[in-house]
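The lines below spell out each chain.
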Amino acid sequence: MKLFVSEGNPHCLKVLAALEVTGVDCDVQYVNHEERVVPFLSRPALPALLLPGGLHLFSPNAICRYLFEVSGQDASELCNQWLEWEATDLQPPLLQCLHMAVLQGKGSEVSTVLQGPLDYMEQSLSKGNTPYLTGESISVADVVLWAALYPMLSDPSLAFGERTSVKAWFDRGVVMHSCQSAAQKVLQGKGLQGMKIFMQRQPAPPSRQCRDRQPCNSNPAEGEESERVVSVEEMEAAALTWSKGLTAGPLATERQHPILPEEGKRNLLVTSALPYVNNVPHLGNIIGCVLSADAFCRYGRLRGWNILYVCGTDEYGTATENKAREEGLTPQQICDKYHAIHSNIYKWFQIDFDFFGRTTTEKQTEIAQNIFWRIHKHGFLLEDTMEQLRCESCKRFLADRFVEGICPNCSYPEARGDQCDKCGRLINAVELREPQCKVCRQTPVVQSSKHLFLDLPKLEAQLEQWLDKSTSTGDWTANAKQITRSWLRDGLKPRCITRDLKWGTPVPHPDFKDKVFYVWFDAPIGYLSITANYTDQWEKWWKNPNQVELYNFMAKDNVPFHSVVFPCSLLGAQDNYTLVNHLIATEYLNYEDTKFSKSRGVGVFGDMAKDTGIPADVWRFYLLYVRPEGQDSAFSWADMALKNNSELLNNLGNFINRGGMFVTKFFEGIVPVMELQPEDKTLLALVGWELQQYIQLLDKVKIRDALRHILNISRHGNQYIQVNEPWKKIKEGDTERQRAGTVTGVSVNIACLLSVMLLPYMPAVSQTIRDQLNAPPSCVNTMLQGTGTFVSPLFQKLEVDQIEALKKRFGGQQTTAQSAGSPQPAAAPAAATAAVASVNGVDPERAKQLTQAVTEQGEKVRALKTQKAEKAAITAEVAKLLDLKKQLAAAEGKSPEPAPQKGKKK
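Residues numbered from 1 in each chain as written. Predicted model: local features only at pLDDT ≥ 70, side-chain atom pairs only at ≥ 80, totals over all residues. Heavy atoms only, no water.

Our focus in this paragraph is the overall build of the protein. Counting its secondary structure elements, the protein contains 32 helices and 20 strands. Looking at the 906 residues of the protein, the share that counts as buried comes to 54%. Partitioning the intrachain contacts of the protein with sequence separation of at least 6 by distance along the chain shows that 76% fall at a separation of at least 24. When the accessible area of the protein is evaluated, it comes to approximately 39,500 Å², of which 50% is carbon and sulfur surface. (Helix = DSSP H or I, 4+ residues; strand = E, 2+ residues; numbered from the N terminus. Buried < 20%, exposed > 50% of the residue type's maximum accessible area, 1.4 Å probe, protein only. Contact = heavy atoms within 4.5 Å. Areas by Shrake-Rupley, 256 points an atom, 1.4 Å probe, with all protein chains shown as cover.)

Take the pairing of strand E8 (residues 381-391) next. For E8 and strand E13 (residues 445-454), the ladder comprises 10 bridges, and the chain directions are antiparallel. Residue pairing in the sheet places Asp-384 in a bridge with His-451 of E13. Two elements, E8 and strand E9 (residues 396-397), share two bridges in a ladder whose sense is antiparallel. Across the sheet, residue Cys-391 finds its bridge partner in E9, namely Arg-396. (Pairing = 2+ DSSP bridges.)

Turning to helix H2 (residues 60-70), its buried residues number three or more, namely Pro-60, Asn-61, Ile-63, Cys-64, Tyr-66, Leu-67 and Phe-68. Structurally, H2 contributes buried residues whose contacts are with strand E1 (2-5), helix H1 (10-22), strand E3 (48-50), strand E4 (56-57), helix H3 (77-103) and helix H6 (140-153). Phi for Gly-72, located one or two positions after H2, is positive at around 90°.

What follows is about the side chain of Arg-499. Along the chain, the position of Arg-499 falls in strand E15 (residues 498-499). If near-sequence neighbours (up to four positions away) are discounted, Arg-499 is found in contact with Met-386, Gln-388, Asp-400, His-451, Lys-515, Val-516 and Tyr-518.

Right, let's get into the pattern of salt bridges. Scanning the entire structure with this criterion turns up 36 salt bridges. Among the salt bridges present, the one from Arg-266 reaches Glu-549, with a minimum N-O distance of 2.8 Å. In this pair, Arg-266 is assigned in the loop between helix H10 (232-244) and strand E5 (267-272) and Glu-549 in strand E17 (residues 548-555), connecting sequence segments 283 residues apart. A relative accessible area of 22% means that Glu-549 is categorised as partly exposed. Between Asp-575 and Lys-543 there is a salt bridge, with its nearest N and O atoms 2.5 Å apart. With Asp-575 in the loop between helix H20 (559-573) and strand E18 (582-586) and Lys-543 in the loop between helix H19 (539-542) and E17, this pair connects stretches of sequence that are 32 residues apart. Via salt bridges that share partners, Arg-255, Arg-301, Asp-352 and Asp-354 belong to a single interconnected network. (Salt bridge = Lys/Arg side-chain N within 4 Å of Asp/Glu carboxyl O.)

Formed by 159 residues in total, the largest nonpolar core has its most connected members in Ile-371, Trp-619 and Tyr-761. It is helix H11 (residues 283-302) that provides the largest number of residues to this core, a total of 11 residues. Those residues in contact with Tyr-761 that sit more than four places away from it in its chain are Arg-620, Phe-621, Leu-624, Tyr-694, Leu-698, Ile-703, Ala-706, Leu-707 and Ile-710. Counting 63 residues, the second largest nonpolar core, distinct from the first, contains Val-5, Tyr-66, Leu-83 and Phe-198. (Core = buried A, V, L, I, M, F, W, Y, C linked by side-chain atoms within 4.5 Å.)

The next subject is the packing of helix H12 (residues 318-327) against helix H13 (residues 331-348). The interhelical angle for the contact between H12 and H13, taken along N-to-C directions, is 95°, at an axis separation of 8 Å. When the interaxial angle is binned, H12 and H13 end up roughly perpendicular. Contacts from Thr-320, Lys-323, Ala-324 and Glu-327 in H12 reach Pro-331, Ile-334, Cys-335, Lys-337 and Tyr-338 in H13. A breakdown of the residues in the contact of H12 with H13 according to their chemical character gives five nonpolar, one polar and three charged. (Axes fitted to C-alpha atoms, helices over the stretch in contact; angles between N-to-C directions. Parallel < 35°, antiparallel > 145°, perpendicular 65-115°, else oblique. Nonpolar A, V, L, I, M, F, W, Y, C, P; charged D, E, K, R; others polar.)

This part covers the sheet that holds E13. On the basis of which strands lie adjacent, the open sheet formed by four strands has the order E9-E8-E13-E14 and antiparallel pairing. Of all the strands in the sheet, the pair left with one neighbour each is E9 and strand E14 (495-496). Relative to E14, E13 runs antiparallel, the two being bridged by two bridges. Bridge pairing links Phe-453 to Cys-496 in E14.

This paragraph deals with the packing of aromatic side chains. Aromatic ring pairs are reported here in terms of the distance separating the ring centres and the angle at which the planes meet. Using the criterion set out here, one finds 31 aromatic pairs in the structure. Taken together, a centroid distance of 5.5 Å and an interplanar angle of 45° make the contact between Trp-82 and Tyr-120 tilted. Of the two residues, Trp-82 is situated in helix H3 and Tyr-120 in helix H5 (residues 115-128); the sequence distance between them amounts to 38 residues. Neither Trp-82 nor Tyr-120 differs from the other in exposure class; each is buried. On the basis of an interplanar angle of 65° and a centroid distance of 5.3 Å, the ring pair of Tyr-316 and Trp-503 is categorised as edge-to-face. (Phe/Tyr/Trp six-rings, centres within 6.5 Å; stacked < 30°, edge-to-face > 60°.)

Moving on, we get to the pairing of strand E10 (residues 403-406). Here E10 runs beside strand E12 (residues 433-437); their pairing, made up of three bridges, is antiparallel. In the sheet register, Glu-404 faces E12, and the bridge partner there is Gln-436. Judged from the two bridges that link them, E10 and strand E11 (residues 415-416) form a sheet pairing that is antiparallel. Pairing of Gly-405 across the sheet is with Ala-415, part of E11.

Our next topic: the environment of Val-548. Inspection of the secondary structure puts Val-548 in strand E17. Residues Val-548 and Val-580, spaced 32 residues apart in sequence, show a C-alpha to C-alpha distance of 9.7 Å. In this view, Val-548 contacts Pro-261, Asn-267, Leu-269, Lys-540, Trp-541, Thr-578 and Asn-581; residues no more than four positions away in its chain are not counted.

This brings us to the sheet that holds E11. Strands sit in the order E11-E10-E12 across an open sheet of three strands; the sheet is antiparallel. Whereas interior strands pair on both sides, the edge strands pair on one side only; in this sheet they are E11 and E12.

What follows covers unusual backbone geometry. With an omega of 0°, the peptide bond running from Leu-46 to Pro-47 counts as cis. Mapped onto the elements of the fold, Pro-47 is located in the loop between strand E2 (27-30) and E3. Cis geometry is adopted by the peptide bond preceding Pro-258, which originates at His-257 and carries an omega value of 0°. Inspection of the secondary structure assignment puts Pro-258 in the loop between H10 and E5. For Gln-574, which is not glycine, the phi torsion reads 50° and is therefore positive. Here Gln-574 is to be found in the loop between H20 and E18. With a relative accessible area of 40%, Gln-574 lands in the partly exposed category.

Everything listed is a geometric property; what it means functionally is a separate question.
Okay, structure coming up:
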């Protein structure tokens, strides 16, 4: 990576501070203010970060966030809200302050300009009672805001007044060597005057006014996304891309099996954590492993990467034996039954595996035993006697997951016999306090048995050397790095790899012939055996680390087995195995305000989703929308209805259907000739920017965040149609009809682009859009030729009574209880009750009407400002807009408190 910065540029202070704080290895090159380092921009854009893949980042905040992510510190939702607030609410008055202080000599007046933002920060810091903006430790938000404010707040003439929390927060940054070093590099010890040359080249900021769009002291979480300013260069670049047509894009090709690595291509081997065969997966299981991996693989294929995606059922172990006993079947019969159930569930969710296998195969035995003997040969196995828990009532040794007790490390009362879900540490079952057999709830006894252990301490040096390289060059989620680091910090211990069971892969050693491999030694080898059952050339994937990148998708509880135990097995085998390059772990998805529970009937499980009448694509959309990327999230019926009705129906579906309807109704199904005007190019530039963000995020497996940019594009499109009103222009003269044709053509072309961007998330909807547009299979950008027929809407509204019934059906014992923090249904006048219903305060129908009203009123305000109307007239219309937004928030169930206004100069 290479970072381009210039002295005296306050934006460069942010990125240099972030670089110093994170310690990321990156070349820094100083250039003059006028140098153009981003090739596709004709204007200077500094700072700029050149990424290894050739892409450029030239937003200071985006660069800072990227540096923190590379160092393993993903931004939280609150952190992102602060970054948004800094860009939209702090920067405008701050730039005016710099202009006044540096160029006009009015430093004494700037405290008035910064009063609102500083008061808001003081309020937030004192209310949160934490040393930093987002908690107890420094985040990218702290670095960005500190660096933004440093030139002004370090000037002794600007007093903090009674803002003691802001002063304490700022002083923590001042004493940090990394921040001081960055300030010295940018300002050269000259203070504000160090920015004079840079400021002289900047346009004068607009005069200070209270920004109507959003009060600066509103909560960052409640703010709208700022309207992006598009340059002439970006407009022309977008128009040039448009003019190239479909010939600019790669042709779609059918997958030819078996898929094997190809020279000169990016070869990705993708796995999802193998689901236990004896359980029906719930929504959390589905999003944590298979759906996330499927979305990424579909995206990667669109990018032209060569991908093999494998998964399968994990079928050995005590859990299978117990399930078989419960149902009166043999273990093999239970595996056959539930393998089919899993397969059918994933097919319904449109999970596009290249191969979905299982672990009860001859290949599994062959490969697992081969790895065992190689580890044994190289001296990485130990023999030892181990104390185990045996249930005298059930008359057998208990597998770790069938023991429950108090964690010896954190005292969590429901720790399993192999791992504590609260502190994340691996434990031995005999270490549990007050253990219980999960089958009969009797207290097991301790008995000794001779076992084989993987000598993890002996492999620790090799493991750490590999981990340093993999975590620094690959995309490991922050939780995966943290869990792995905590394991290593505690020191590795020998790990038992055998068990006294019958149902499992036999241990081939003659002294242990009555034992089977422990599931967490055996199960990850299932990735290899499943690939071997797919192709006899499996070693081209699994023994080819120089040509293959391995992605593992899982929930966070599986991390240590994939980042420590399994890699140590493969390192110990010394057979040139492909080790994981990118470990993608989600947090947990909860159900409403509780956990999924099959026994209590709480939550939606995979075999139930199709019986709800809600299409698979809508399930996919919502699960990916709430994907627990940085923290735990929850499935909510009310929120699902709201997202379906507002985002899919009113936003995305509305835009795509409108464009298609205009083609069919006004132009006989043929896309009209288009003559681009500046506002068309502006839209295309905005769409191009959203597409670029989408690509950058999905390249880094930020699946949830990338989805927002699809919805942003359709929002831009709806606004574009609303402003241009093609349904009116088509009835007027030739010039107006031509304009209606251009707007219609641009809209359906963007719909075509959206169909491609949607493919990883909603494959059936994506295909439906392309079928309606009669788009060629190779469509990968905005050009479109041909005709289309629009006969039905893409999405159906989820009605309140439908959602209420589903919520009750899947609520188990929770159906009559209401969480203490959930909003109560809003009271409605009797006359309106029949027409307007609400779920927990959410009124989707009214929200739909108010969304349209907010859009129209926003256009009216913008028009008045453009026409430079009287201030009083603008103020009155802005007041109406703010009131409509409050009503909309209430209809969406947000019920915000009235935000105080900015202080105005009197």
